[in-house]
Amino acid sequence: MKRLFQINPKDNVAVILVDGDAVAPRGHKVALCDIPAGAEVIKYGFPIGKATQDIAKGEWVHSHNLVTGLCDDLQYEYNPVSEVAHEPVPAPTVNGYLRKNGDMGIRNELWIVPTVGCVNGQANAIVERLRKECDLTGIDDVRAFTHNYGCSQLGQDHANTRSALAALVKHPNAGGVLVLGLGCENNQIKRFREELGVFDEERIKFLTAQEVNDEIEAGFKVCCGLIEQMRCDRRQELPVSKLKIGLKCGGSDGFSGITANPLLGRLSDLFTSWGATTILTEVPEMFGAETILMNRAKDQKVFDKTVSLINDFKAYFRSYGQPIYENPSPGNKAGGITTLEEKSLGCVQKGGSATVTDVLAYTQKSTVPGLNLLTAPGNDLVASTSLALSGCQMVLFTTGRGTPFGTFVPTMKVSTNTQLAEMKANWIDFNAGVLLETENPDEVLSALVNKVLAVADGEKLHHELIGAKEIAIFKTGVTL
């Protein structure tokens, strides 16, 4: 393996590919030429910050001599660029569950969704009894998605919780849902039903604990009825255009923007060419790379929505008196990422080169095929949950440091390097680190596409096999 990798011909730094280098750790940057103090450091063909001192050719470039060049709100101008043309590839099909509203699920699961954290224990008790006493043939999983919210919240904070839980309840990966309330919480079932709008009343049921003698017994009976209906559900061949895929990175390292993230970008381009939907989020990790996405907006309206996406999130930071550019994390820095620009330029690689067709609010369901941008923070579990709440049946999650979690839909871990894939084989579902070695990039893309289609057809991921499934709601505002 060669020692250094230069991503773009314009770059004045390269990434170290090998362990034990005399200059810097693997994944970190080395100057390709002398860089004077105050000059821009270039990676991915874009500035990732400014040198704080003279940097000699061959010297390590990191936090000791490089700082962010980002500042407050910017003035943006729409300079549209054309989508990169790709060779047409015949579209495959997916074997999914066709729901009554026309959406496709890739799992057939029974969920209990508490309206408030006070009944988390009761929800878990119902699930435990169902697993012990019921024939679950044809049911992929039975799960309670517990949380701490639904009461003592005000304004937009409460609205976020209600809309998030409503999106969860209507997700097509669930073949049946019991909404379990307490009775005195802010998130009253009557108001929650209104939030749901039109829904399948045969598959979504409600129970208020304070209105029955034994809510566990009552909930068990309701779920038994749902199970009987779900047993009749069968996978059928459906167009891949019904698939929605979330794009997420976490625990990023110096290889994220070289291997796994660009690989997801190529996959996103391919699936959107088939009429499918991919969704990119982590808005704070677009800062410094936002113009790349803005100039790919399909029209002025989508451009304006993208500008608002960025500036509204900066305003959110300011409203709590927090610095906008306090990023990357300690783990990112240990892996070789120094500034937010560098992290963002690697992050947006997941969006490939496709046209941005829509911009979504938090929990808003995607309706426009193609690459969508979604309002959500960078936090791994909150962002992954948000992608699923907008309709993604699965999330592709790239990582260079490793993480075992999964949100409530299949969450595929894609490693940026082979060392991680070998060390944490019980976490990693696909290794993109082979791109640093001898593998043909087209063959790696083909393998990932086949993996995605297999998961859509029912193949379980590592986190699903151990039952690591959670939700995290975007919390804002005060708690009473």
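Counting from 1, residues in each chain are numbered in the order their sequence is written. For this predicted model, a pLDDT threshold of at least 70 governs which residues receive local features, and a threshold of 80 or more governs which side-chain atom pairs are given and counted, while totals over whole chains, interfaces and linings are taken from all residues. Only hydrogens and water are removed before side-chain values are computed, so all heavy atoms of the structure are retained for them.

(A) Molecular detail of the pairing of strand β15 (residues 244-249). Between buried and exposed lies partly exposed: a residue is buried under 20% and exposed over 50% of the maximum accessible area for its type, with that area taken using a 1.4 Å probe on protein chains only. Runs of E in the DSSP output that reach at least two residues are strands. Runs of H or I that reach at least four are helices, and both are numbered from the N terminus. Among the 6 residues in β15, 6 count as buried, and that is most of the element. Burial along β15 is two-sided: the residues Lys-244, Gly-246 and Lys-248 and Ile-245, Leu-247 and Cys-249 are all buried. Strand pairing is assigned whenever DSSP identifies at least 2 bridges connecting the two strands. Bridge count between β15 and strand β16 (residues 277-280): 4 bridges; the pairing is parallel. Following the sheet pairing, Leu-247 is matched in β16 by Leu-280. Handedness of the β-α-β unit built from β15, helix α5 (residues 260-273) and β16 comes out right-handed. Looking at chain direction, β15 and strand β19 (residues 394-399) are connected through 5 bridges and run parallel. Counted as the bridge partner of Lys-248 is Phe-397 from β19. Seen with its strands pointing away from the viewer, a crossover is right-handed if its path from the first strand over the helix to the second goes clockwise.

(B) Quick look at helix α10 (residues 380-389). The element α10 is extensively covered by neighbouring structure, given that 9 of its 10 residues are classed as buried. Residues of α10 that are buried: Leu-381, Val-382, Ala-383, Ser-384, Thr-385, Ser-386, Leu-387, Ala-388 and Leu-389. In this description, contact between two residues means that some pair of their heavy atoms is separated by no more than 4.5 Å. Residues of α10 that are buried make contact with α2 (155-169), β15, β16, β18 (370-374) and β19. Think of a polar contact as two N or O atoms within 3.5 Å of one another; within protein, one of them needs to be a possible hydrogen donor and the other a possible acceptor, and neighboring residues in sequence only count if both atoms come from side chains. Taking the backbone nitrogen of Leu-381 as reference, a side-chain oxygen 3.3 Å away marks Asn-379 as the first, capping residue of α10. Downstream of α10 by a residue or two, Gly-391 has a phi angle that is positive, lying close to 115°.

(C) Structural context of empty space enclosed by the protein. Grid points spaced at 1 Å and placed over the protein atoms alone form the basis of the search, with a cavity being a set where a 1.4 Å probe fits but cannot get out and a pocket an open set showing protein on both sides within 12 Å along at least five of seven lines. Lining residues have an atom within 4 Å of a point. Grid points are joined across faces, edges and corners, and a volume is the space filled by probe spheres set on the points. Under the criterion given, the structure shown has 3 cavities of 30 Å³ or more. Estimated volume of the largest cavity: approximately 80 Å³. If you trace the largest cavity, you find 16 residues lining it, with Asp-253, Ser-256, Ile-337, Lys-343 and Gly-346 closest to the centre. With 4 residues, helix α9 (residues 340-347) is the single largest residue contributor to the lining of the largest cavity. When residues are grouped by polarity, Ala, Val, Leu, Ile, Met, Phe, Trp, Tyr, Cys and Pro land in nonpolar, Asp, Glu, Lys and Arg in charged, and all others, Gly among them, in polar. Classifying every residue of the lining of the largest cavity by side-chain character gives 5 nonpolar, 6 polar and 5 charged. Roughly 50 Å³ of volume is contained in the second largest cavity. For the second largest cavity, the full set of lining residues is Pro-404, Thr-411, Lys-413, Asn-426, Trp-427, Asp-429, His-462, His-463 and Ile-466. Of the residues that constitute the lining of the second largest cavity, the class distribution is 3 nonpolar, 4 polar and 2 charged.

(D) Layout of α5. Taking 1.5 Å of rise per residue, 14 residues should cover 20 Å, and α5 covers 20 Å from first to last C-alpha, within 8% of that figure. Most of α5 is tucked away: 11 of the 14 residues are buried. Phi turns positive, to about 90°, at Gly-275, one or two residues after α5. Each helix should span, by expectation, one fewer than its residue count multiplied by 1.5 Å.

(E) Focus on the layout of surface pockets. The space that makes up the largest pocket amounts to roughly 850 Å³. Lining of the largest pocket is provided by 38 residues; of these, Asn-101, Asp-103, Lys-170, His-171 and Pro-172 occupy positions nearest its centre. At the level of elements, β8 (93-98), α2 and β12 (174-181) are the ones that each hand at least two residues to the lining of the largest pocket. For the lining of the largest pocket, the residue count by class is 13 nonpolar, 12 polar and 13 charged.

(F) Focus on a negative patch on the surface. The patches reported here contain residues having more than 30% relative accessible area and no salt bridge. Joining distances are 9 Å for like charges and 5 Å for nonpolar side chains (Val, Leu, Ile, Met, Phe, Trp, Tyr). Here the open area of atoms and residues is found with the Shrake-Rupley method and a 1.4 Å probe, where only the protein chains shown may cover a residue. A carboxyl oxygen of Asp or Glu within 4 Å of a side-chain nitrogen of Lys or Arg is what we treat as a salt bridge. Under the convention used here, Asp and Glu are negative, Lys and Arg are positive, and both His and the chain ends fall outside the count. Throughout, a charge is located at the NZ atom of Lys, the CZ atom of Arg, the CG atom of Asp or the CD atom of Glu. Taken together, Glu-422, Glu-437, Glu-439 and Glu-443 make up a surface patch of like negative charges. Topologically, Glu-443 is positioned in helix α12 (residues 441-456). When its relative accessible area of 52% is taken as the criterion, Glu-443 is described as exposed.

(G) Seen up close, the nonpolar core. Residues enter a nonpolar core if they are buried and are Ala, Val, Leu, Ile, Met, Phe, Trp, Tyr or Cys, with the set joined through side-chain atoms within 4.5 Å. Phe-271 and Val-452 are the most contacted members of the largest nonpolar core, which totals 106 residues. By residue number, the principal contributor to this core is α12, which donates 8 residues. Once residues within four sequence positions are removed from consideration, Val-452 is found in contact with Leu-243, Ile-245, Leu-267, Phe-271, Met-394, Leu-396 and Met-412. Ile-126, Ala-209, Ala-218 and Phe-220 belong to the second-largest nonpolar core, a separate cluster that totals 23 residues.

(H) Region of the structure containing the pattern of salt bridges. With the rule as written, the count across this model stands at 30 salt bridges. A salt bridge links Asp-358 to Lys-305; its shortest N-O distance comes to 2.8 Å. Note that Asp-358 is positioned in strand β17 (residues 356-360) and Lys-305 in helix α7 (residues 300-319), a separation of 53 residues in sequence. A network of salt bridges, in which partner residues are shared, links Glu-109, Arg-131, Asp-141, Arg-143 and Lys-469.

(I) View of the sheet that holds strand β10 (residues 109-114). Strand order in the open sheet formed by 4 strands is β11-β10-β12-β13, with parallel pairing between adjacent strands. Two strands in the sheet have a free side with no partner beyond their single neighbour: β11 (141-144) and β13 (204-208). Across the sheet, the mean angle separating the axes of adjacent strands is 15° when strand polarity is ignored. Judged from the 5 bridges that link them, β12 and β13 form a sheet pairing that is parallel. Paired with Leu-178 across the bridge in β13 is Lys-205. Note on geometry: axes are C-alpha line fits, over the in-contact stretch for helices, and angles between N-to-C directions span 0 to 180 degrees. Relative to β13, helix α3 (residues 189-196) is tilted by about 165°, and along the sheet it contacts β12 and β13. Running at roughly 165° to β12, helix α4 (residues 215-230) makes contact with β10, β12 and β13 of the sheet.

Functional significance is not addressed by these values, which are geometric in nature.
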